[in-house]
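Coordinates in review
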Amino acid sequence: MTTEVPSEADIHCSAEKIFDVIIDFRGQDRWLTKSSAFHGTSEISMNPVTLGTTYREPGPFGVRNGTVTEFERPTKLSFHQPMTIKLHSGIVDVTMRYTLTPGAGSTHVKRVVTLGIPWSLKLFQPLLVHEFRVESRRTLLALKAYADKLP
């Protein structure tokens with residue numbers, strides 16, 4: 001079963017600068033604090049990221065091994081990061097896509113997380129979707145708070 005978790009915000013910054021903030025994984029700690037769901041990004045193959053960059057994100061439910069699958073500066077960026085659930089109870093197929101639409105004085109940022117939850121985890125689907133919804137919104141608000149202050 002596939003579920004989409006969208007978040008949107010208007011950020012008072014150019015699409016180019018926002019794109020640069022998103023792709024600087026080693027600089028994430030300047031704008032994105034760790035949380036119960038996000039413990040940081042490690043094992044980054046290239047920084048700033050580009051098409052094909054790989055990385056690893058451990059979390060409370062499991063580990064996401066990600067790859068940058070779309071890289072169209074400065075408007076589109078996608079990450080495929082299947083999450084292996086702890087205790088080998090399944091893999092949640094996670095794709096995160098940013099779409100940046102430049103406007104007059106701001107950029108509309110849409111962040112959509114698509115979750116493919118296997119039947120073996122169906123019982124936990126409401127919890128997983130809720131956690132991804134909260135974390136996705138938190139991430140976009142943190143990006144907005146940081147990028148709104150950029151010159």
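Numbering of residues begins from 1 in every chain and follows the order in which that chain's sequence is written. Totals for whole chains, interfaces and linings use every residue, but because this is a predicted model, local features are given only for residues with pLDDT of at least 70 and side-chain atom pairs only at 80 or more, for both listing and counting. Where side-chain values are given, they derive from all heavy atoms of the structure, hydrogens and water being excluded.

**Comments concerning the packing of aromatic side chains**
We call Phe, Tyr and Trp rings a pair once their centres come within 6.5 Å, taking the six-membered ring for Trp, and we label the pair stacked below 30 degrees between planes, edge-to-face above 60, and tilted otherwise. The full count for this structure, using the stated rule, is 5 aromatic pairs. When the ring of Phe19 is compared with that of Phe71, the centres are 5.1 Å apart and the planes differ by 80°; the resulting orientation is edge-to-face. Placement of Phe19 in helix α1 (residues 15-23) and of Phe71 in strand β3 (residues 62-72) is noted, with a sequence separation of 52 residues between them. Remark: exposure states derive from per-residue accessible area (1.4 Å probe, protein chains only) relative to the maximum for the residue type, with buried under 20%, exposed over 50%, and partly exposed in between. Relative accessible area serves as the criterion here: at 0%, Phe19 is assigned to the buried category. With a relative accessible area of 24%, Phe71 lands in the partly exposed category. Plain terms: the ring middles of Phe25 and Tyr55 are 5.0 Å apart, the flat faces sit at 90° to each other, and that makes the pair edge-to-face. Of this pair, Phe25 sits in the loop between α1 and β2 (54-58) while Tyr55 sits in strand β2, and the two are 30 residues apart along the sequence. In textbook terms, an aromatic cluster arises when at least three aromatic residues are bridged by ring pairs, as seen for Phe25, Tyr55, Phe79 and Tyr98. Labels follow the DSSP assignment, with helices taken as runs of H or I lasting at least four residues and strands as runs of E lasting at least two, numbered in each case from the N terminus.

**Quick look at the packing of α1 against helix α2 (residues 125-147)**
Relative orientation of the contacting elements α1 and α2 amounts to 125°, with a least axis distance of 11 Å. With respect to α2, the axis of α1 lies oblique. In terms of crossing hand, the pair formed by α1 and α2 is right-handed. Here Ile18, Val21 and Ile22 of α1 come into contact with α2, specifically with Leu143, Tyr146 and Ala147. Here the contact of α1 with α2 is built from residues that sort into 6 nonpolar, no polar and no charged. Each axis is a line fitted through C-alpha atoms, taken for helices only over the stretch in contact, and angles between the N-to-C directions span 0 to 180 degrees. Here the angle decides the label: under 35 degrees means roughly parallel, over 145 means roughly antiparallel, 65 to 115 means roughly perpendicular, and every other value means oblique. Crossing chirality is assigned from the near helix's rotation relative to the far helix, an anticlockwise turn below a right angle marking it left-handed and a clockwise turn marking it right-handed. Any two residues whose heavy atoms approach within 4.5 Å are treated as being in contact. Three classes are used: nonpolar for Ala, Val, Leu, Ile, Met, Phe, Trp, Tyr, Cys and Pro, charged for Asp, Glu, Lys and Arg, and polar for all others, with Gly counted as polar.

**Quick notes on the side chain of Ser136**
Positionally, Ser136 belongs in helix α2. By relative accessible area, which is 1% here, Ser136 ends up buried. Excluding residues within four positions of it along the chain, Ser136 makes contact with Val5, Ser7, Arg111 and Val113.

**Overview of the nonpolar core**
Put simply, buried Ala, Val, Leu, Ile, Met, Phe, Trp, Tyr and Cys residues joined by side-chain atoms within 4.5 Å make one nonpolar core. Judged by nonpolar contacts, the single largest core of 39 residues is most densely connected at Ile18, Phe79, Val92, Tyr98, Leu115 and Leu143. Within the residue set of this core, elements represented by two or more residues are β1 (2-11), α1, β4 (76-80), β5 (83-85), β6 (91-102), β7 (107-116) and α2. Top contributing element to this core by residue count: α2, with 7 residues. Once residues lying within four places of it in the same chain are set aside, the contact partners of Phe79 are Ile22, Phe25, Tyr55, Thr67, Val68, Thr69, Val94, Thr95, Met96 and Tyr98.

**Re a nonpolar patch on the surface**
Note on patches: the residues involved have over 30% relative accessible area and no salt bridge, like charges join within 9 Å, and the nonpolar side chains Val, Leu, Ile, Met, Phe, Trp and Tyr join within 5 Å. Reported accessibility uses the Shrake-Rupley method at a 1.4 Å probe radius. Residues are deemed covered only where the shown protein chains occlude them. Salt bridges, as used here, are contacts in which a Lys or Arg side-chain nitrogen is within 4 Å of a carboxyl oxygen on Asp or Glu. Taken together, the side chains of Leu123, Phe124 and Leu127 make up a nonpolar region of the molecular surface, amounting to roughly 340 Å² of accessible area. Within the secondary structure, Leu127 sits in helix α2.

**Observations regarding the environment of Val5**
Relative to the assigned elements, Val5 resides in strand β1. A relative accessible area of 0% means that Val5 is categorised as buried. Once the C-alpha coordinates of Val5 and His130 are considered, the two residues, 125 residues apart in sequence, prove to be 9.2 Å apart. Beyond its immediate chain neighbours, meaning those up to four positions away, Val5 contacts Arg111, Val112, Val113, Leu115, Val129, Phe132, Arg133 and Ser136.

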